[in-house]
Structure formats: C-alpha cells, structure tokens
Amino acid sequence: MVSRVIPVDPFDLVIFGGTGDLARRKILPGLFRRFVAGQMPATARIIGAARTKLDSAGYRKMAAEAIEEFGGIGSASADTLKAFLDQVEYVAIDAKGKAGWADLQKLMQGTGKVEAYYFSVAPSLFGDLAERLQQWGMADKDARIVVEKPFGRDLVTAQALNATLATYFDEKQIYRIDHYLGKETVQNLMAVRFGNMLFEPLWNAQYVDHIQITVAETVGVGGRGEYYDRSGAMRDMVQNHLMQLLCLIAMEPPARFDPDAVRDEKLKVIRALDPVLPHHINRGQYDAEPGNEESHPNYRVAVGDPRSKTESFIALKTQISNWRWSGTPFYLRTGKRMSARSSEITVVFKETPHSIFAEDAGRHRNVLSIRLQPNEGITLGVTIKEPGPGGMRLIDVPLDMTFAEALGEDAEQVDAYERLIMDVIRGNQTLFMRGDEVEAAWAWTDPIIQGWETRGEVPKFYDSGTDGTTDSHELMRRDGREWRKVSP
Ligand code: BG6
C-alpha cells in the first residue's frame, strides 16, 4: 500500500531555538523526511533562529549532523540532503533584545508564503518572542505560531500564557503541540471508533466494565533531571498526553472531523472528569537498577536531590460524570524505568449477563486493546470453545491485527512532529490543543497535586524494570480488577 503525499503550500518556517535539542532531534530530521517524501515545495524555507553566533553555512552543517544522527537520512543520497539544506538558513537573534530582528524581518518581508514561527524555547520566552514578532511587523493575521509543552505548570500560569499570546495572536493562529496527537495510532483511535459500526454501540457504561490507559517508558529522567524534578509524571505526562488519550477514547462523536467540532467534544470530557480521591492516586519513584547503579541510578541521584518528593510514576483512578460513562472507572498509569516501552489503551467489556454454560466453563470478558507504541495494532480477545473433547470449556483467543502486517511494509512511517508541522502549514488545528482545553486540563490536575502536597505525601519506591509500585496493583485489586501486563 503506497501512501499519498499531498504537497503543502509554499512556506517559511522560523524555528526559534533552532539549535536546541528538539530542533535537532525532531524538527529538522522530520522536515527532511517530508522533503524526501516530496511534500516540501521548492520555495519553502526553514530559518533557524537562536542566540548562538552562526552563519547559514554553519547552521546547515549542524542540521546535516542532526539529520544524520537522529534518523532523518534513511536511504536519501548526499545530493538530496544538499538540496534540502539549500532551503535552510539561519539568523542569530536575541529573543529579549534587538539583535537579529531586522535580519529576520528582511527575510520574511512580502514573501506571499505561509509564515510559521515555531517557539521551540522555554515558555518564559514565549511572551518576548510574540511581542518582538509584533514590534517587527511579523505578527500579521495569517502568521502562525507553534508552541511546545509545558504549557504552564498549573491553571494560573497556563491562563497567563494564554493571555500573553492572545495579546498578539488570535486563537486561530496558535498551535499548541501535544506530540501524542500526531502519532499515527492516536489518530487511529478516532478512525476505529467513528469509522466502524462495530464498537460504538458498545462504547458506554452499560457494556464497558472499565478502561485502562498505560504509557510505560523504560528510559529514566536522563539529562532532563532539572526540568523533570519540577514537573513529575503528573505534569509531564498525565495533564497532557494521557489526558488527550482519555479524551479520544471517551468523547462523543463529533459532528465533523474539524478542529472545533473535535476539540469541543474533548473539552466536554475534561470538564466532566471527577476530582480524584486521595486513595485513588498512587505515586512512585524508581530505584536504581540492581547491578547497574552507576549507569541507571535511582531517581533522586538522577535529579541530584536526595530528598526529592517528585513522582516518576503515577497510577490513578478517575470517572467521567456524564450519561455515557457514569460509573465506569478509568485507570491511568505512566512511569519511567518500567519493564517495557509500551503505550496501550485497554477497554475491558462486562461479562455476559447470564452464562448458558456449566459453571466450570468459566466466565470471560472481551478485552479490546489498542497498542499505540511500539508494534501498533489492535487486539480483540474473543471467547471460544477450547478445542477437543471433554465438554464445553471456554478460553480467550486474541483476534490480533498488527498494523504493520495488515498494511504492508510500504505503509509510510510518519513521525508525530512531521505530521504536526505539515498541519500547521495547512492551517489545520484539529490535532492541536485549544487554549480552553489546556486550562480545563490544569483545572482538573491542580487539586490533585495540591492534595498530595498538603497531605505531605512522599512517593513510594519501585524497582527499575518493574510495572511500578506495589500499591498501584493494590489500587486495581481493591476493585477486583488488574492491570494488563506491560509488554513490548
Ligand atoms: C514527553 C515527555 O512529552 O513525552 C517525556 O516530556 C516523555 O518525559 C515523552 O519521555 C514520551 O514521548 P514518546 O513519544 O516517546 O512516547
């Protein structure tokens, strides 16, 4: 199956923070892959902008190295890379001062192309950049700005950021990235739910026993200790990525697949979320990996704070107080240094209301699991008769569809950032968070965090390479349920 590539309109994309980690790891390699795929028009320009004193030649060299290192290159030839780099330029700029702005203005003047400004910088600079863009006449009504998470660290700071950006740009010009929304399978959630008749009639409290969302990572906090220790799993993952997954799995069908219709429905889910009770939250911190204490130290060593109370793992139970989901628990968990890298949503259906089989045939539940990464696909557990003589005994077998197998090797692998940047150029906000959505997510998150701070709770330790704290398993057991095993 060969995927279709629809070229986008000519554009100029300015990457503030163009020499930073995200630009090197994701943005530049992703743009190169779009170039190779034939999606980037010949007149498009990528303009790196950062404080580092570099000229365009120096930046191109850095971009080439980043593309090589972070997997953009594939089987592309040196000529192809050179052709891409010919479209790359650089401006040394001071976000808070005057230096470089006249140069950037000159580059961006009267081009007639789509203008996009990627704020790949600390949120504390968002306001400065927005203000400078306006001062230098680059905040015209068709310009777009792209902002990264963290979008605030609580409701108040998110509101302040939204207000600052709103001073210079209209909501329609602001693209708040949650890269989970750019993942192929995350979008597939909507295709599976709203493109099939099969699931939707059963997608409610009457038929669904509970839903689990797990985003497990094997990595530790790595070199991001300082940022991470101020955030923790709740702010870093739950408030945004897991919240988005929860919205997509729980929302009502939007009338159309368009930005406001989809985001209106997601917002309703967030606003209907119940507060989380203290005994429905479980936080953990990873311990060192036995035998590998040097390379895989415990969390507190990794962040350089022997008394840190920040969680690297969290499991919680919540509910959505609306007609569709009333009484159905949603269990969320995410953590670092877990046993495998695996993101999965599991919908566990209720038992049949009555069994016609003998008691020893067992009672079974259908389980639909949607694997987001790796090994993307869907598995539906179906109950059948155990083969052979000896009466009617029931067993569960998986109806397994791994997308890579079903779609063939030609299915194009598009990284989340590639897709999202192309959506910015197309002017499609469906996969970006609206300001009110982000604020609603913080409004739910804040009291949870304040709660454990007020109670002075400290996360429990869990062994690296496990599925999190023992208490998180207890959270399920108390309800007569269990987490699905985290498996790659
Ligand atoms: C980021 C978080 O937003 O998402 C990281 O800040 C996390 O801590 C990452 O590791 C996970 O993304 P992915 O695409 O690897 O699942």
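Please refer to the structure higher up on the page.
Now for a look at the structure at hand. (Residues numbered from 1 in each chain as written. Predicted model: local features only at pLDDT ≥ 70, side-chain atom pairs only at ≥ 80, totals over all residues. Heavy atoms only, no water.)

This part covers empty space enclosed by the protein. Inspection of every chain in the model, using the stated rule, returns three cavities of 30 Å³ or more. What the largest cavity holds in volume is close to 110 Å³. Lining the largest cavity we find 15 residues, and of these Phe-151, Gln-239, Asn-240, Met-433 and Val-438 sit closest to its centre. Every element with two or more residues in the lining of the largest cavity is listed here: α8 (225-250) and α13 (435-454). The greatest single-element share of the lining of the largest cavity, amounting to four residues, is contributed by α8. Each residue belonging to the lining of the largest cavity can be placed in one class, and the counts come to nine nonpolar, three polar and three charged. Roughly 60 Å³ of internal volume is contained in the second largest cavity. As for the second largest cavity, its lining consists of Gln-212, Thr-214, Arg-333, Ser-342, Glu-344, Thr-346, Arg-484, Lys-485, Val-486 and Ser-487. Secondary-structure elements contributing two or more residues to the lining of the second largest cavity are β7 (208-216) and β11 (342-349). (1 Å grid on protein atoms, 1.4 Å probe; cavity = no way out; pocket = protein on both sides within 12 Å on 5 of 7 lines; lining within 4 Å. Points joined across faces, edges and corners; volume = space filled by probe spheres on them. Helix = DSSP H or I, 4+ residues; strand = E, 2+ residues; numbered from the N terminus. Nonpolar A, V, L, I, M, F, W, Y, C, P; charged D, E, K, R; others polar.)

What follows covers the sheet that holds strand β2 (residues 45-50). Strand order across the open sheet formed by six strands is β3-β2-β1-β4-β5-β6, with parallel pairing between neighbours. In the strand order of this sheet, the two ends are held by β3 (88-92) and β6 (174-176), each with one partner. Within the sheet, the average angular offset between the axes of one strand and its neighbour, ignoring direction, is 20°. Two strands pair when backbone bridges link them, and strand β5 (residues 144-147) and β6 are joined in this way by three bridges, in the parallel orientation. What sits directly across from Val-147, in β6, is Arg-176. (Pairing = 2+ DSSP bridges. Axes fitted to C-alpha atoms, helices over the stretch in contact; angles between N-to-C directions.)

On to the packing of helix α5 (residues 126-135) against helix α6 (residues 155-168), then. Relative orientation of the contacting elements α5 and α6 amounts to 5°, with a least axis distance of 9 Å. Relative to α6, α5 is oriented roughly parallel. Across from Phe-126, Gly-127, Ala-130, Glu-131 and Gln-134 in α5, the residues of α6 making contact are Leu-161, Thr-164, Leu-165, Thr-167 and Tyr-168. (Parallel < 35°, antiparallel > 145°, perpendicular 65-115°, else oblique. Contact = heavy atoms within 4.5 Å.)

To continue, consider the pattern of salt bridges. Considering all chains together, one arrives at 41 salt bridges under this definition. Arg-434 is the partner of Asp-264 in a salt bridge, and the nearest nitrogen-oxygen pair spans 2.9 Å. On the criterion of sequence distance, the pair formed by Asp-264 in helix α9 (residues 259-271) and Arg-434 in the loop between α12 (416-426) and α13 is long-range, its members being 170 residues apart. By relative accessible area, Asp-264 is classed as partly exposed at 34%. Note on Arg-434: relative accessible area 9%, which makes it buried. Taken together, the shared-partner salt bridges in this structure form one network comprising Lys-172, Asp-260, Arg-263, Asp-264, Arg-434 and Asp-436. (Salt bridge = Lys/Arg side-chain N within 4 Å of Asp/Glu carboxyl O. Buried < 20%, exposed > 50% of the residue type's maximum accessible area, 1.4 Å probe, protein only.)

Turning our attention to the site of the ligand. As a structural note, the neighbourhood of the ligand is formed by Lys-149, His-179, Tyr-180, Lys-183, Glu-217, Arg-224, Asp-236, Met-237, His-241, Lys-336, Arg-341 and Gln-373. A distance of 2.6 Å separates an oxygen atom of the ligand from a polar side-chain atom of Lys-183. Coverage of the ligand by the protein chains reaches 81% of its 400 Å² of free accessible surface. Among the elements that take part in the shell around the ligand, α8 stands out by supplying three residues, more than any other. The residue makeup of the shell around the ligand, split by class, is two nonpolar, three polar and seven charged. (Near = heavy atom within 4 Å. Polar contact = N/O pair within 3.5 Å; in protein donor to acceptor, adjacent residues only side chain to side chain. Areas by Shrake-Rupley, 256 points an atom, 1.4 Å probe, with all protein chains shown as cover.)

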